[in-house]
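Structural overview
Next come the chains, spelled out residue by residue.
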Amino acid sequence: MKRNGILNSDVSRVLSYMGHTDQIAIGDCGLPIPDSTERIDLALAFGEPPFIRVLELVLQDMKVEKIILAEEITDQNPNMLANIQALFEGQKVDVEFVPHTAFKAKTADCKAVIRTGETTPYANIILQSGCIFAD
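Everything numeric in this text was worked out from a predicted model, so none of it was measured.

**Notes on the overall build of the chain**
The helix and strand inventory of the chain stands at 5 helices and 6 strands. In the chain, the order of α-helices and β-strands from amino to carboxyl end is α-β-β-α-β-α-α-β-α-β-β. Its C-alpha radius of gyration of 14 Å places the chain within 12% of the 14 Å reference for a compact globule of 135 residues. For the chain, the proportion of its 135 residues judged to be buried stands at 41%. Counting only contacts in the chain whose residues sit at least 6 apart along the sequence, the fraction spanning at least 24 positions is 87%.

Next up, the structure:
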């Protein structure tokens, strides 16, 4: 039995087979997920688990070189944006903002989308994997 890190076997599996520039998304409970993309559904109830907690745990197991966010988060959910930015403070991570419709289309290229119970608007992120042995 695993002692540390993410206990969810599907999240752990996807993270372990990701390579440099591969992408994974974490989304709120309303984010549509393409049929072609693996869905890892962690949602238990509205708000559970919260988006930011899932993001925190994934970031403990993953090196990220770039994040993609819906540009609407800046106006519609600035508190969540501030929480996301705080998690990446002091790190060299590129940030790209795209329209929400483009964000949804980009999830088709992700290895998986992790669905949380988050109910605040635009609480979605795409994480692009960095190279773990280079800086």
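**Quick notes on the nonpolar core**
Ranked by internal contacts, the top residues of the largest apolar core, which has 30 residues, are Val-58, Ile-84, Ile-125 and Leu-127. Per-element accounting of this core gives the leading share, 6 residues, to helix α2 (residues 51-61). Setting aside residues no more than four positions away along its own chain, Val-58 makes contact with Ile-6, Val-11, Leu-15, Ile-26, Ile-114 and Leu-127. With 10 residues, the next largest nonpolar core counts Ile-33, Ile-68, Val-98 and Val-113 among its residues.

**Focus: the pattern of salt bridges**
Going through the model one piece at a time under the given rule, you end up with 5 salt bridges. For Asp-10, the salt bridge goes to Arg-13, with nearest N and O atoms at 3.3 Å. A residue pair is termed a helical-turn pair when its members lie 3 or 4 positions apart in one helix, as Asp-10 and Arg-13 do in helix α1 (residues 9-17) at 3 residues. Taking relative accessible area as the criterion, Asp-10 reaches 34% and is therefore assigned partly exposed. Here Lys-66 makes a salt bridge to Glu-96, at a shortest N to O gap of 2.7 Å. Of the two residues, Lys-66 is situated in strand β3 (residues 64-70) and Glu-96 in strand β4 (residues 94-98); the sequence distance between them amounts to 30 residues.

**Considerations on the sheet that holds strand β1 (residues 23-27)**
One open sheet accounts for 6 strands, arranged β2-β5-β1-β6-β3-β4; its pairing is mixed. In this open sheet, the two edge strands, each paired with only one partner strand, are β2 (38-41) and β4. On average, each strand axis in the sheet is inclined to that of its neighbour by 20 degrees, with strand direction left out of account. On top of the sheet, α1 reaches β1, β2 and β5 (112-115); it is set at about 140 degrees to β2, its chief contact.

**Some words on the side chain of Asn-124**
Here Asn-124 lies in the loop between β5 and β6 (125-129). Asn-124 sits in the buried class, given a relative accessible area of 2%. In this structure the side chain of Asn-124 is engaged in a polar contact, spanning 2.8 Å, whose partner is the backbone nitrogen of Asp-28. Beyond its immediate sequence surroundings of up to four residues, Asn-124 is in contact with Ile-26, Gly-27, Asp-28, Leu-31, Phe-51, Ile-68, Leu-69, His-100 and Phe-103.

Rules used throughout
- Residues numbered from 1 in each chain as written.
- Predicted model: local features only at pLDDT ≥ 70, side-chain atom pairs only at ≥ 80, totals over all residues.
- Heavy atoms only, no water.
- Helix = DSSP H or I, 4+ residues; strand = E, 2+ residues; numbered from the N terminus.
- Rg over C-alpha atoms; globule rule 2.2 N^0.38 Å.
- Buried < 20%, exposed > 50% of the residue type's maximum accessible area, 1.4 Å probe, protein only.
- Contact = heavy atoms within 4.5 Å.
- Core = buried A, V, L, I, M, F, W, Y, C linked by side-chain atoms within 4.5 Å.
- Salt bridge = Lys/Arg side-chain N within 4 Å of Asp/Glu carboxyl O.
- Pairing = 2+ DSSP bridges.
- Axes fitted to C-alpha atoms, helices over the stretch in contact; angles between N-to-C directions.
- Polar contact = N/O pair within 3.5 Å; in protein donor to acceptor, adjacent residues only side chain to side chain.

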